[in-house]
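Residues per chain, in single letters:
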Amino acid sequence: MKVSMVPPAQVRINEALETHATSLDLTLLGLREVPDSLADLTVLTDLRLDGNQLTSLPDWLGKLATLTRLSVSSNRLTELPDSLRNLTALTELQLGHNRIIDLPDWLGDLPALAELHLFGNKLTDLPDSLGNLGSLANLYLHDNAFTTLPVTLSRLTTLAYLCLSNNRLAILPAWLGSLTSLTRLALDRNRLTALPDSLRSLTNLTTLWLEDNAFTEVPDPVRDLTGLTALYLEGNPLTGLPDWLGNLTGLARLGLSDIGLTTLPDSLGNLTALTMLWLSNNHLTVLPDSLRNLTALTDLYLDGNPLTELPDWLESRAPAPAPLRYRR
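A quick note: this is a predicted structure, and the numbers were derived from the prediction, not measured.

Participant: How should I be thinking about a negative patch on the surface in this particular structure?
Facilitator: On the surface, Asp102, Asp105, Asp125 and Asp128 cluster together into a negatively charged patch. Looking at the secondary structure, you find Asp102 in the loop between strand E4 (92–94) and strand E5 (115–117). The exposed category is assigned to Asp102, whose relative accessible area is 60%.

Participant: Whenever I open this one, unusual backbone geometry confuses me. Can you help?
Facilitator: Apart from glycine, the bulk of residues carry a negative phi angle, and the bulk of peptide bonds sit in the trans form. Its identity as a non-glycine residue notwithstanding, Arg189 has a phi of 60 degrees, on the positive side. Within the element layout of this structure, Arg189 appears in the loop between strand E8 (184–186) and strand E9 (207–209). Of note, Asn281 is a non-glycine position whose phi angle comes to about 55 degrees, a positive value. Position of Asn281 among the secondary structure elements: in the loop between strand E12 (276–278) and strand E13 (299–301). Taking the relative accessible area as the measure of exposure, Asn281 reaches 39% and is therefore partly exposed.

Participant: Would you mind showing me how to read the nonpolar core here?
Facilitator: Inside soluble globular proteins, nonpolar side chains tend to come together where they are buried. Leu38 and Leu231 are the most contacted members of the largest nonpolar core, which totals 99 residues. Among the secondary structure elements, those contributing two or more residues to this core are helix H1 (8–19) and helix H2 (312–317). Broken down by element, the residue count for this core peaks at 3 residues, all from H1. Excluding anything up to four places from it in sequence, Leu231 contacts Leu208, Leu210, Val222, Leu245, Leu248, Leu251, Arg253, Leu254 and Gly255. One finds Phe119, Cys163, Ala186 and Trp278 within the second-largest nonpolar core, a separate group that totals 11 residues.

About the cut-offs
Each chain carries its own residue numbering, running from 1 in the written order of its sequence. pLDDT decides what is reported in this predicted model: residues at 70 or higher carry local features, side-chain atom pairs at 80 or more are listed and counted, and totals for whole chains, interfaces and linings draw on all residues regardless. To obtain the side-chain values, all non-hydrogen atoms of the structure were used and water was disregarded. Here, patches come from residues exposed beyond 30% relative accessible area and free of salt bridges, joined within 9 Å for like charges and within 5 Å for nonpolar side chains (Val, Leu, Ile, Met, Phe, Trp, Tyr). To be clear on the numbers: accessible area is Shrake-Rupley with a 1.4 Å probe, and residue cover counts the displayed protein chains and nothing else. Salt-bridge detection follows one rule: a side-chain nitrogen of Lys or Arg within 4 Å of a carboxyl oxygen of Asp or Glu. We score Asp and Glu as negative and Lys and Arg as positive, and we do not count His or the chain ends. To locate a charge, take NZ of a lysine, CZ of an arginine, CG of an aspartate or CD of a glutamate. Numbering goes from the N terminus for both helices and strands, where a helix is a DSSP run of H or I of at least four residues and a strand is a run of E of at least two. Three labels apply to residues, based on accessible area from a 1.4 Å probe with only protein chains included: buried if under 20% of the type maximum, exposed if over 50%, partly exposed otherwise in between. Buried residues of nine kinds, namely Ala, Val, Leu, Ile, Met, Phe, Trp, Tyr and Cys, make up a nonpolar core once their side-chain atoms join them within 4.5 Å. Contacts: residue pairs with any heavy atoms within 4.5 Å of one another.

Right, dumping it as structure tokens:
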């Protein structure tokens, strides 16, 4: 007797139809196209199609007007159908890890959009219309090929997280300092040698990623970002650290690995809120005695340094109720 096998995607669609489900997960099912039967799920608010083999999306997808989240990351999409402009209830759109080269202008006409994932595509430019996304809080642009950013992004005054990691940015625009709602800014793995003075205005920043650029000194605008709790500088060819770094007393995490340090300033001892300090793969032979003041420190990474000996204060911390972990 021949048994008819219903594809896993159709099984889930059938279940969603029976239960009037508002969420449907069709991730990692090897789909080459979106099943037409999905068009009957008119009450869906959350649709996930990630990790399939989709090369296009059907026009009828734009009729699922109740969708607030659409996730189609890790497929083979090169473009988006114009019908998606009708999904005006969308608050989250995930398009990461596809093959998109150009974005449509209508993307800026999704008024409720708060989270937009565009990472891992082949983008070199963004439509000016993105500046119209007045509700956008999180914008993920990493792993593309941007060398510049459109000035219209300066209108994204609600933006809290901007991820620009692993692009080809050598210079940042001055208008970036107008995004004063930013709390997290990722600029790592670019070609930056300096930061614009306007970034001093980003006083709400708590986390700043600057790793693997071409900074030869800690950018001076950082000195005014006194709200920082995490600063990552790994992999830059720094010639040293400024004394003012010790004024960023809110820092809880500080990444200083792989930057060619031979000495540390005594002012690091002022960072008494530090819980994690990365100093791996430098050229340190001694640690300043001021580091004994870092009593909140729980993780200290020292591996890859030619340290001649560890200071007594470091050895004495080991038996403490909350011992300091370190790698030598």
